[in-house]
There are 2 protein chains.
Amino acid sequence: MSYYQKLEQHARKLSRLDHLSAICGWDQSAMMPSGGAEARSEAMAELAVIAHELSTADYLADWFEEAEKEQLSDAELISLAALKRQWMMHNILPAELVEQKSLLGSQCEHAWRTQREENDWEGFKQNLAPVVKLARQEAAIRSKATGLSLYDALLDLYEPGMTSEILDGIFADVKSWLPQLIQDVQKKQKNEAILPLTGTFPIAEQSALSLDVMKLLNFDFNHGRLDISTHPFCGGVSTDVRITTRYDETDFTSALMGVIHETGHARYEQGLPHQWRDLPVGQARSMGIHESQSLFFEMQLSRNIDFAKKLAPLAQKTFSRETDSALTAENLNIINNRVKPGFIRVDADEVTYPAHVILRYEIERDLIEGNIEVDDIPEIWDKKMQAYLGIDTKDNFKDGCMQDIHWTDGSFGYFPSYTLGAMYAAQFMAAMKKVVDIEATITSGDLSPIFTWLETNIWSKGCTLSTDELVKQATGETLNPCFFKLHLMARYNQ
Amino acid sequence: MSYYQKLEQHARKLSRLDHLSAICGWDQSAMMPSGGAEARSEAMAELAVIAHELSTADYLADWFEEAEKEQLSDAELISLAALKRQWMMHNILPAELVEQKSLLGSQCEHAWRTQREENDWEGFKQNLAPVVKLARQEAAIRSKATGLSLYDALLDLYEPGMTSEILDGIFADVKSWLPQLIQDVQKKQKNEAILPLTGTFPIAEQSALSLDVMKLLNFDFNHGRLDISTHPFCGGVSTDVRITTRYDETDFTSALMGVIHETGHARYEQGLPHQWRDLPVGQARSMGIHESQSLFFEMQLSRNIDFAKKLAPLAQKTFSRETDSALTAENLNIINNRVKPGFIRVDADEVTYPAHVILRYEIERDLIEGNIEVDDIPEIWDKKMQAYLGIDTKDNFKDGCMQDIHWTDGSFGYFPSYTLGAMYAAQFMAAMKKVVDIEATITSGDLSPIFTWLETNIWSKGCTLSTDELVKQATGETLNPCFFKLHLMARYNQ
């Protein structure tokens, strides 16, 4: 067996442990009664220890050295690079730092769950400060190894190839037109007649509707399922993708749009190249590209009138409300495209969402680069919320800088992926429109031409191309944020 | 850290891997879409390899040697003995035999699934023969190590302390009265008026009824749940017990009795001593004792008129059939106690069930001892079915000697546990009746005195006592099969 093959075998082993962790993690969120939590955490931690030991085994350095001398095919060379990147990610940090990060991160996150409820910034910042300190240490180590700046070295974990220099340029542009657009759209929508949803939408019926819409989106039920959890997510493994949602009996659109979003994530996973299933090269390209698929499904595909015309009859039939005028395609589309600045990122519409992301990006970048300290966060948060969204968050930490889980466990560098995803999604749609008649395809009820484009250009590529190369091959150019702006302008300001 | 503590730590580690395996195994049966099967098998196999490496690690022999020299408390000594038994179980067989057994076992089982459908004994026996050969090798090795006879060395895996000498005596007695009893009961029941269930019992309502009955049986929903699977089972872990059932829309009693049975298994698991949760000493005593709990719930507790009086109103209400005379307590009790010899063990009532078990026991004992060969099985099966149940299985392999999964993967020695369980259950009930007024307790609707007795005498003991000692402390004597006979006579022949 060649060293490259040994590395492949090793990666498959790790991937199988990830499989167990993913399924048990899904179970924890979607199935497990709370009394099972303690023993489950212990079991998951044990598995993590075993996986960590495997990932950092001494012999791997030699194996990589030997493998790099071997005669490998082009595909194997790409795979080897992906294997090596994964190995370095795992091995670059000293064990003590990994342990500290995990420990302080879970302590901070655990306390945050009650501190947030209690608007307790003073308590929270005591826990956040050491997490930031460790993240800076991590950034320093990763920066040294990669030659990237401190923040970029963390960003690179989620968006390989992306830098704060690029982001600064993109976001500066967005900031130049977004606040005005938000004002304009609100003014325009004020005159739009909207019929609110009334009465109850039973969970069993919402669930049936969700499954119908997943079928319309060609979700492969032989390789996945839909369940309920408090915080919706897409989990499991690519051969068995588990998506979840939560139902609000007064508003079926919230769960439904969530299901469509997660279905986008799921179809990406289901469409990854099976021949590399257990290898890094067969995984999703990046967090931003993953988000581009969920946002393609949710924002590009579903929140428009053509899709609403498919959705409305399904909803009317499922809820036995054929004569409810709130459930017409036109009214559902108005509901689905409502723009309203708010405190909470996860509740934001697609127009205001980038403002939430840019604000967080600017703060976490400066925090990691050492330009600001934890103590400075609330004031900066208030100022930026005021500037970008015209919203006052003074002393409202709960709905302000304490609302997200990301920073609590040290996941700095993740936030930009959300807006990068929205931008990639818009760019993919623009490229797709050149070869697929989207309106006619949606109207026909057979959406497969749309998915075939995504499968061919995105899903089946796995991690074989850099993000830039992937996007260039798919759309003719690397990331171009103007498609996102054009999309928002076309949908909301015409 | 003492060597005993090191062994404890090691056992906890193994137990945590078992946890993941149990949850993913449950998922496989109750949740996983079929397309996820291949990757799941690979992941489970990987975990099994890791667990096997841990269980057979070289250093353990030294640790046991050192631990046995340490000053340990009585509780620790008992725990150490249980740890050592588990270790020996895992280490006694050469790796090659374990591998062969696993390989040939899964091949035989896999082929059996179609061969059984096709009544293909000729094909099946080709696969069964090597499985039997390996089982004989295993028996020889275990026999040498334990000093037990060949068959007893396998029986010991499931029923430590039980021997074929004891079983021969017990079963000879049963055979002396059971065939006649079966005849008598059938004759008697022929004159009983029985109203068959009619119409449809929707699954959602059956599920609601199951949950209600589980509540009546004090199932702890904070540490477990009920789901659906093709083959009902009790799985998961003691802090999170997963039971399953399958629903027949024309007959709610089948799923309901199944749920009650699995609830018995589940409450045993939920009631195991938590301080020893991850240690062998904290596990269930034996397969027979486990079955005694499920059969206590199903046969002793539920298939009687007092319980039927609690059940009937629940069923009537759940199915909105307050006036359906098939759903009276009296009629449900008649349905639940119907005796009818049949081909299939898993469908058998409690009177004919022992005949199925004795037949299998006699065959597998002679097979392992080398007194008969695989080729002889069908003829012996036919003869014994005729003698014990008056049923003709000639050339009907499908519903005869090919109906069970146990032998396909080499699990010889398991069958006696079913009837031992029924006997222990009857003995426990007889002892309990001396201190608990069963009828009044059931009638009151608060069944906790019954469960407190079981918890105190059985569940909380875990594996700290031998089966004989456990039963003696609980009932005043070791296994006495006369309680089972008395139970059957009282219920069916008065």
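Residues numbered from 1 in each chain as written. Chains lettered and ligands numbered in written order. Predicted model: local features only at pLDDT ≥ 70, side-chain atom pairs only at ≥ 80, totals over all residues. Heavy atoms only, no water.

Engineer: Got a minute to help me understand the overall build of chain A in this structure?
Structural biologist: Within chain A one finds 20 helices and three strands. Over its C-alpha atoms chain A spans a radius of gyration of 23 Å, differing by no more than 12% from the 23 Å that the globule rule assigns to 494 residues. Oriented by its inertia axes, the alpha-carbon framework of chain A measures out at about 70 × 50 × 50 Å. Buried residues in chain A amount to 56% of all 494 residues. Contacts spanning at least 24 positions in sequence make up 73% of the contacts within chain A whose residues lie at least 6 apart. For chain A, the accessible surface area stands at approximately 20,700 Å², while carbon and sulfur atoms represent 51% of it. Side chains of chain A give 47 positive and 72 negative charges; the mean places of these two sets differ by 3 Å. (Helix = DSSP H or I, 4+ residues; strand = E, 2+ residues; numbered from the N terminus. Rg over C-alpha atoms; globule rule 2.2 N^0.38 Å. Buried < 20%, exposed > 50% of the residue type's maximum accessible area, 1.4 Å probe, protein only. Contact = heavy atoms within 4.5 Å. Areas by Shrake-Rupley, 256 points an atom, 1.4 Å probe, with all protein chains shown as cover. Lys, Arg positive; Asp, Glu negative; His and termini not counted. Charge placed at Lys NZ, Arg CZ, Asp CG, Glu CD.)

Engineer: Teacher, can you tell me more about the side chain of Asp240 of chain B here?
Structural biologist: Inspection of the secondary structure puts Asp240 of chain B in strand 3 (residues 240-245). Classification of Asp240 of chain B by relative accessible area gives buried; the value is 0%. Only 3.5 Å separates the side chain of Asp240 of chain B from the side chain of Arg40 of chain A, close enough to count as a polar contact. Apart from residues lying up to four places away in sequence, Asp240 of chain B is in contact with Met32, Pro33, Gly36 and Arg40 of chain A together with Ile23, His223, Gly224 and Gly235 of chain B. (Polar contact = N/O pair within 3.5 Å; in protein donor to acceptor, adjacent residues only side chain to side chain.)

Engineer: Which parts of the structure should I look at to understand the packing of aromatic side chains?
Structural biologist: Each aromatic ring pair is described using two quantities: the centre-to-centre distance and the angle formed by the ring planes. Considering all chains together, one arrives at 40 aromatic pairs over all chains under this definition. Ring centres of Tyr59 of chain B and Trp63 of chain B lie 4.6 Å apart, and the angle between their planes is 35 degrees; on these two criteria the pair is classed as tilted. Taken together, the positions of Tyr59 of chain B and Trp63 of chain B, both in helix 3 (residues 59-67) and four residues apart, correspond to about one turn of that helix. These aromatic residues form a ring-pair network of at least three members: Tyr158, Tyr353, Trp381, Trp407, Phe412, Tyr414, Phe415 and Tyr418 of chain A. When the ring centre of Trp26 of chain B is taken as origin, the NZ or CZ atom of Arg242 of chain B, which lies over that ring, is 4.4 Å away. Stacked on the ring of Phe451 of chain B, the Lys or Arg Arg267 of chain B has its end atom at 4.7 Å from the ring centre. (Phe/Tyr/Trp six-rings, centres within 6.5 Å; stacked < 30°, edge-to-face > 60°. Lys NZ or Arg CZ within 6 Å of the ring centre and 35° of its normal.)

Engineer: Even after reading the chapter, I still don't get the relation of the copies chain B and chain A, so can you show me in this structure?
Structural biologist: To go from the first copy of the chain to the second, apply a rotation about an axis and then a shift along the same axis. With an axial shift of 0.0 Å and an RMSD of 0.0 Å, the rotation relating chain B to chain A amounts to 180 degrees. The relationship between the two copies is best expressed as a two-fold rotation axis. (Least-squares fit on C-alpha atoms with pLDDT ≥ 70 in both.)

Engineer: Can you walk me through the interface of chain B and chain A in this structure?
Structural biologist: Interface size is commonly expressed as the accessible area that is lost once the parts come together. Listed as interface residues are 35 residues of chain B and, on the opposing side, 35 residues of chain A. Of all residues in chain B, Arg16, Leu20 and Glu46 of chain B bury the most surface against chain A, accounting for 17% of the area lost on that side. Linking chain B with chain A are 12 salt bridges. Listed by contribution, the elements that provide at least two residues to the side of chain B that touches chain A are helix 1 (3-30), helix 2 (37-55), strand 1 (224-228) and strand 3 of chain B. Residues that form the side of chain B that touches chain A fall into these classes: 15 nonpolar, eight polar and 12 charged. (Buried area = accessible area lost by both parts, 1.4 Å probe. Salt bridge = Lys/Arg side-chain N within 4 Å of Asp/Glu carboxyl O. Nonpolar A, V, L, I, M, F, W, Y, C, P; charged D, E, K, R; others polar.)

Engineer: How should I be thinking about helix 12 (residues 305-318) of chain A in this particular structure?
Structural biologist: Since the α-helix packs 3.6 residues into each turn, any two residues three or four apart lie on the same face. All names here are of chain A. Here helix 12 contains 14 residues, and its C-alpha end-to-end distance of 20 Å stays within 8% of the 20 Å for a straight helix at 1.5 Å per residue. At Leu311, helix 12 shows its maximal kink, close to 25 degrees; a proline, Pro313, follows between one and four residues later. Turning to helix 12, its buried residues number three or more, namely Asp306, Phe307, Ala308, Leu311, Ala312, Ala315, Gln316 and Thr318. In the core, the buried residues of helix 12 are packed alongside helix 9 (203-216), helix 10 (252-270), helix 11 (287-302), helix 13 (329-336) and helix 17 (438-444). At the N-terminal boundary of helix 12, the capping side chain belongs to Asn304, with an oxygen 2.8 Å from the backbone nitrogen of Asp306. A positive backbone phi angle near 50 degrees is found at Ser320, which sits one or two residues after helix 12. (Expected span 1.5 Å × (residues − 1). Bend = angle between axes of the 7 residues up to and from the residue.)

Engineer: Where do I start with the nonpolar core in this structure?
Structural biologist: The biggest cluster of nonpolar side chains holds 114 residues, and the ones touching the most others in it are Phe252, Phe296, Phe307, Ile450 and Ile458 of chain A. Counting residues in each nonpolar core, the second largest holds 110 residues, with Tyr151, Leu209, Ala315 and Tyr361 of chain B among its members. (Core = buried A, V, L, I, M, F, W, Y, C linked by side-chain atoms within 4.5 Å.)

Engineer: How do you make sense of the packing of helix 14 (residues 353-369) of chain B against helix 15 (residues 377-389) of chain B when you look at a structure like this?
Structural biologist: Residues and elements named next belong to chain B. Running from N to C, helix 14 and helix 15 point in directions that differ by 150 degrees, and their axes come no closer than 10 Å. Overall, the two elements helix 14 and helix 15 adopt an arrangement that is roughly antiparallel. For helix 14 against helix 15, the interelement crossing comes out right-handed. Residues Ala355, His356, Ile358, Leu359, Arg360, Glu362, Ile363 and Leu367 of helix 14 pack against Ile377, Ile380, Trp381, Lys384, Met385, Tyr388 and Leu389 of helix 15. The class makeup of the residues in the contact of helix 14 with helix 15 is 11 nonpolar, one polar and three charged. (Axes fitted to C-alpha atoms, helices over the stretch in contact; angles between N-to-C directions. Parallel < 35°, antiparallel > 145°, perpendicular 65-115°, else oblique. Left-handed = near helix turned anticlockwise from the far one by under 90°.)

Engineer: Looking at this structure, I do not really get the environment of Glu362 of chain A. What am I missing?
Structural biologist: Residue and element names in this part refer to chain A. The residue Glu362 is located in helix 14 (residues 353-369) in this model. Distance from Glu362 to Leu167, taken between C-alpha atoms, is 9.8 Å for residues 195 residues apart in sequence. Those residues in contact with Glu362, other than ones at most four positions away along the chain, are Lys175, Lys384 and Tyr388.

Engineer: Help me understand the sheet that holds strand 2 (residues 234-237) of chain B in this model?
Structural biologist: Within a sheet, adjacent strands bond to each other through the backbone by hydrogen bonds, running parallel or antiparallel. Residues and elements named next belong to chain B. Taken in spatial order, the three strands make up an open sheet running 1-3-2, and their pairing is mixed. Two strands in the sheet have a free side with no partner beyond their single neighbour: strand 1 and strand 2. For this sheet, the mean angle separating the axes of adjacent strands, direction not counted, is 25 degrees. (Pairing = 2+ DSSP bridges.)

Engineer: I tried to follow the domain arrangement of chain A on my own but got confused; where do I start?
Structural biologist: Residue and element names in this part refer to chain A. Its domain assignment divides chain A into domain 1 (1-92) and domain 2 (203-337 + 417-493). When each unit is reduced to the centre of its C-alpha atoms, the spacing between domain 1 and domain 2 is 29 Å. Facing the 17 residues of domain 1 at the interface are 15 residues of domain 2. Both faces combined, the contact of domain 1 with domain 2 buries some 1,400 Å², and carbon together with sulfur accounts for 67% of it. Run the count over domain 1 and domain 2 and you get one salt bridge. Remark: the boundary between domain 1 and domain 2 carries one residue pair in polar contact (both at pLDDT 80 or more). Counting residues per element, the ones that place at least two in the side of domain 1 that touches domain 2 are helix 1 (3-30) and helix 4 (74-91). (Domains from an automatic or database assignment.)

Engineer: I keep staring at the environment of Lys384 of chain A and nothing clicks. Help me out?
Structural biologist: If you trace the backbone, Lys384 of chain A turns up in helix 15 (residues 377-389). Apart from residues lying up to four places away in sequence, Lys384 of chain A is in contact with Leu359, Glu362, Ile363 and Leu389 of chain A.

Engineer: Would you mind showing me how to read the state of the cysteines here?
Structural biologist: A covalent bond bridging the sulfur atoms of two cysteines is what the word disulfide describes. All names here are of chain A. Scanning all chains against the criterion turns up zero disulfides over all chains. The thiol of Cys463 is not disulfide-bonded; the next cysteine sulfur, from Cys234, is found 17 Å away. Assessed through its relative accessible area of 15%, Cys463 is described here as buried. (Disulfide = S-S within 2.5 Å.)

Engineer: Explain the side chain of Thr467 of chain A here, please?
Structural biologist: With respect to the element layout, Thr467 of chain A can be found in helix 19 (residues 467-475). Among all residues touching Thr467 of chain A, those that are not within four sequence positions of it are Pro160, Arg285, Ser286, Ile289 and Tyr424 of chain A.

Engineer: Honestly, the sheet that holds strand 1 (residues 224-228) of chain A in this entry has me stumped. Any pointers?
Structural biologist: Residue and element names in this part refer to chain A. Spatially, three strands are ordered 1-3-2 in an open sheet, and the strand pairing comes out mixed. Whereas interior strands pair on both sides, the edge strands pair on one side only; in this sheet they are strand 1 and strand 2 (234-237). Adjacent strand axes in the sheet meet at a mean angle of 25 degrees when their direction is disregarded. Contacts between helix 10 and the sheet are confined to strand 1, strand 2 and strand 3 (240-245), with strand 3 contributing the most and set at about 165 degrees to the helix.

Engineer: Can you walk me through the packing of helix 16 (residues 416-433) of chain B against helix 18 (residues 448-457) of chain B in this structure?
Structural biologist: How two helices pack is summed up by the angle between their axes together with the distance between the axes. Residues and elements named next belong to chain B. With their axes 11 Å apart at the nearest point, helix 16 and helix 18 run at an angle of 115 degrees to one another. Regarding helix 16 and helix 18, the two cross each other, and that crossing is right-handed. Side by side, helix 16 and helix 18 meet where Phe428, Ala431 and Met432 of the first sit next to Ile450, Trp453 and Leu454 of the second. A breakdown of the residues in the contact of helix 16 with helix 18 according to their chemical character gives six nonpolar, no polar and no charged.

Engineer: Where do I start with the pattern of salt bridges in this structure?
Structural biologist: Any two side chains of opposite charge can pair, given that their charged atoms come close. Scanning the entire structure with this criterion turns up 67 salt bridges over all chains. When salt bridges that share partners are traced, they join Lys13, Arg16, Arg277 and Asp278 of chain A together with Glu42 and Glu46 of chain B into one network.

Engineer: Where do I start with the environment of Ile78 of chain A in this structure?
Structural biologist: All names here are of chain A. Summarising the element assignment, Ile78 is placed in helix 4. The partly exposed category is assigned to Ile78, whose relative accessible area is 36%. In the structure, Ile78 is positioned 385 residues away from Cys463 in sequence and 8.9 Å away in space, judged by C-alpha atoms.

Engineer: Could you clarify how one ought to interpret unusual backbone geometry in this entry?
Structural biologist: Residues apart from glycine generally show negative phi values, whereas peptide bonds are mostly found in trans. All names here are of chain A. Positive phi, normally seen in glycine, also occurs at Asn119, with a value near 55 degrees. Its location among the elements puts Asn119 in the loop between helix 5 (95-117) and helix 6 (121-146). A relative accessible area of 26% means that Asn119 is categorised as partly exposed. Despite not being glycine, Asn218 shows a phi value in the positive range, around 55 degrees. Residue position: Asn218 is located in the loop between helix 9 and strand 1.

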